[in-house]
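Each chain is listed here by its residues.
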Amino acid sequence: MNKTGLSEAQIRDLLKISKGQDLKYERVLSSMCTYPHRVAVEAHMDFIESNMGDFGLFRGTYELERQVISSLGQLLNYPDAAGYMTTGATESNIQAIRSMRNVSRPASCCERPNIVVPDSAHFSFDKVSDILDIELRKASLDTNLKVSVNSVEDLIDKNTIGLVAIAGSTEFGQIDPIERLSEIALQNNIFLHVDAAFGGFVLPFLDAVYEFDFKLPGVSSIAIDPHKMGLSTIPSGVLLFRESEQLEGLKADTPYLTVSTQYTLTGTRSGASVAATWAVINYLGQEGYRKTVSKCMELTAYLLQELERIEVYPLIEPVMNVVALKVPEADLVRNRLAKEFNWQVSITQNPHCLRLVIMPHVTAEIIGSFVRDLHEVLRS
Ligand code: 0PR
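Residues numbered from 1 in each chain as written. Predicted model: local features only at pLDDT ≥ 70, side-chain atom pairs only at ≥ 80, totals over all residues. Heavy atoms only, no water.

On to the site of the ligand, then. For the ligand, the set of nearby residues contains 17 residues, the closest of which are Ser-31, Thr-90, Thr-170, Asp-195 and His-227. Taking Ala-89, its main chain carries an N or O atom lying 3.5 Å from an oxygen atom of the ligand. Within the complex, the protein chains bury 76% of what would otherwise be the 590 Å² of accessible surface of the ligand. Applying the majority rule of atoms within 2 Å of the grid points places the ligand in the largest pocket. Per element, the largest residue contribution to the shell around the ligand is three residues, and it comes from helix 4 (residues 89–104). Residue composition of the shell around the ligand, grouped by class: five nonpolar, nine polar and three charged. Here the shell around the ligand spans two domains, and each of domain 1 (8–36 + 286–379) and domain 2 (38–282) adds at least three residues to it. (Near = heavy atom within 4 Å. Polar contact = N/O pair within 3.5 Å; in protein donor to acceptor, adjacent residues only side chain to side chain. Areas by Shrake-Rupley, 256 points an atom, 1.4 Å probe, with all protein chains shown as cover. 1 Å grid on protein atoms, 1.4 Å probe; cavity = no way out; pocket = protein on both sides within 12 Å on 5 of 7 lines; lining within 4 Å. Sits in = over half its atoms within 2 Å of the grid points. Helix = DSSP H or I, 4+ residues; strand = E, 2+ residues; numbered from the N terminus. Nonpolar A, V, L, I, M, F, W, Y, C, P; charged D, E, K, R; others polar. Domains from an automatic or database assignment.)

Strand order in this open sheet of seven strands is 1-7-6-5-4-2-3, and the pairing throughout is mixed. Each edge of the open sheet carries a strand with a single partner, namely strand 1 (82–86) and strand 3 (135–139). When strand polarity is set aside, the average angle formed by the axes of neighbouring strands in this sheet is 20°. Sitting on the sheet, helix 5 (residues 124–132) touches strand 2 (114–118), strand 3, strand 4 (160–166) and strand 5 (191–196), and the angle it makes with strand 3 is about 150°. (Pairing = 2+ DSSP bridges. Axes fitted to C-alpha atoms, helices over the stretch in contact; angles between N-to-C directions. Contact = heavy atoms within 4.5 Å.)

Take the sheet that holds strand 12 (residues 346–347) next. Through backbone hydrogen bonds, the strands of a sheet pair up, either in parallel or in antiparallel fashion. Strands sit in the order 10-11-13-12 across an open sheet of four strands; the sheet is antiparallel. Because the sheet does not close on itself, it has two edges, and the strands there are strand 10 (313–314) and strand 12. Looking at chain direction, strand 10 and strand 11 (residues 322–326) are connected through two bridges and run antiparallel. Bridged to Tyr-313 within strand 11 is Lys-326. Here helix 9 (residues 271–309) sits on the sheet and contacts strand 10, strand 11 and strand 13 (354–357); the angle it forms with strand 11, its principal contact strand, is near 10°.

Among the structural elements, Arg-38 can be located in helix 2 (residues 38–46). The exposed category is assigned to Arg-38, whose relative accessible area is 55%. (Buried < 20%, exposed > 50% of the residue type's maximum accessible area, 1.4 Å probe, protein only.)

What follows deals with the pattern of salt bridges. Enumeration according to the criterion identifies 14 salt bridges in this entry. For Arg-379, the salt bridge identified is with Glu-376, shortest N-O distance 3.0 Å. Taken together, the positions of Arg-379 and Glu-376, both in helix 11 (residues 364–379) and three residues apart, correspond to about one turn of that helix. Among the residues examined, Arg-379 registers a relative accessible area of 58% and is labelled exposed. Salt bridges here are not isolated pairs; linked through shared partners, they connect Glu-65, Arg-66 and Arg-269. (Salt bridge = Lys/Arg side-chain N within 4 Å of Asp/Glu carboxyl O.)

Side-chain alternation along strand 13 places Leu-354 and Leu-356 on one buried face and Arg-355 and Val-357 on a second face that is also buried. Bridge analysis of strand 11 against strand 13 gives four bridges, and the strand direction is antiparallel. Its bridge partner lying in strand 13, Ala-324 is registered against Arg-355. Across two bridges, strand 12 lies against strand 13 in antiparallel orientation. Bridged to Ser-346 within strand 13 is Arg-355. Counting the residues that bridge the hairpin from strand 12 to strand 13 gives six residues.

Time to look at the domain arrangement of the protein chain. The assigned domain composition of the protein chain is domain 1 (8–36 + 286–379) and domain 2 (38–282). The straight-line distance from the C-alpha centre of domain 1 to that of domain 2 is 27 Å. Of the residues lining the interface, 28 residues belong to domain 1; the matching set on domain 2 comes to 34 residues. Summing both partners gives a buried area of about 2,500 Å² for domain 1 against domain 2, and 70% of it is carried by carbon and sulfur. Counting the surface domain 1 buries against domain 2, the share from its top three residues, Pro-36, Tyr-289 and Met-320, is 28%. Our count for the domain 1 to domain 2 interface comes out at four residue pairs in polar contact (both at pLDDT 80 or more). (Buried area = accessible area lost by both parts, 1.4 Å probe.)

Bringing the layout of surface pockets into the picture now. There is about 650 Å³ of room inside the largest pocket. If you go around the largest pocket, you meet 30 residues; those closest to its centre are Ala-121, His-122, Phe-123, Thr-170 and Glu-171. Sorting the residues of the lining of the largest pocket by element identifies helix 4 and helix 5 as the ones contributing at least two each. Top contributing element to the lining of the largest pocket by residue count: helix 4, with three residues. When residues of the lining of the largest pocket are assigned to domains, at least three map to each of domain 1 (8–36 + 286–379) and domain 2 (38–282). Its volume calculated, the second largest pocket comes out at about 390 Å³. Around the second largest pocket, the lining is made up of 22 residues, and of these Ile-161, Ala-185, Asn-189, Ile-190 and Phe-191 lie nearest the centre. Mapped onto the lining of the second largest pocket, the elements with two or more residues apiece are strand 4, helix 7 (178–188) and helix 8 (244–248). At three residues, helix 7 tops the list of elements feeding residues into the lining of the second largest pocket. A class-by-class count of the residues in the lining of the second largest pocket yields nine nonpolar, eight polar and five charged. (Points joined across faces, edges and corners; volume = space filled by probe spheres on them.)

Structure, rendered in structure tokens:
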């Protein structure tokens, strides 16, 4: 640290240089984040000092958080859902599984508990397994890259405390057969957590209807991320539980704070994210999100149409705005796109495909220019 401080002008200049080294989202086709909505940014700045870790000091912000939980509960067909705002789906997934373990512990007493997750589950579940010392059983996928229900059933045993389903998988944007998994969870009297980190702000606004939320009676918790397609600021995640008992499973005593209990993983926690999320969901409403999602889906269709001309095809028909493309030597193509044309795309693991996410910052011009560059790379 410097002995004496720099001037404000020096600080600004140095920050400008660093910011200049960051990529602009206009070249990024690999991210599930995007520019947050202006209304969210304004609210974030207005509540910058607010700390939800000691919410007795920030009663107004706390009330906004209650309203966010209730609005998203309503969106996901359970207005009475219990929950709180997390730093994102990694934390939501950790806490959902921790709650499963704590609530079901008496039943599965001495042996090591396990959960069954799709092979396509986000790597945050590997962290869950490590942190909580819970065995992770990975169920195989069918040819459409949805989890195989038979494989899930085969993996359940007396130490299984719950299942995980994905509504919008990270790599393929696919939705698991959640209706069936809900039945299986009920039959086995175990929890079912739905990771709708990405899909939560997409599926309710598509023309096609998908059953993935609390409407299904076996779904016991949902992770949904306002900092992805919700257009809020980072860090904004939401974890929702069907039963308040599940939230109680996360309770810690906080005797010297303004409130005597906490249910969160982090202590100090951003009230700015709460205000930003409240602002953008209320400003856009369902109509606003429907427009955003329609635009992303139209551009996804446009992308596929342009790619067809250069004989590049998707691995599966995209369900949402995530596209996996079959190209030979996908790693090499990805590297060349980055090096020669400054495009950021990612790669799926199994099979190896180019993966693009058509976020709200993507335009028809961006797609046109990307397809031209991809064509160039594939030709030479
Ligand atoms: N669950 C699913 C289905 C996800 O896709 C992700 C993140 C998570 C959980 C974890 O969410 P947090 O990272 O918010 O805790 N999916 C993206 C991914 O790992 C996150 C991301 C976002 C990556 C922007 C890159 C990026 O530029 O690919």
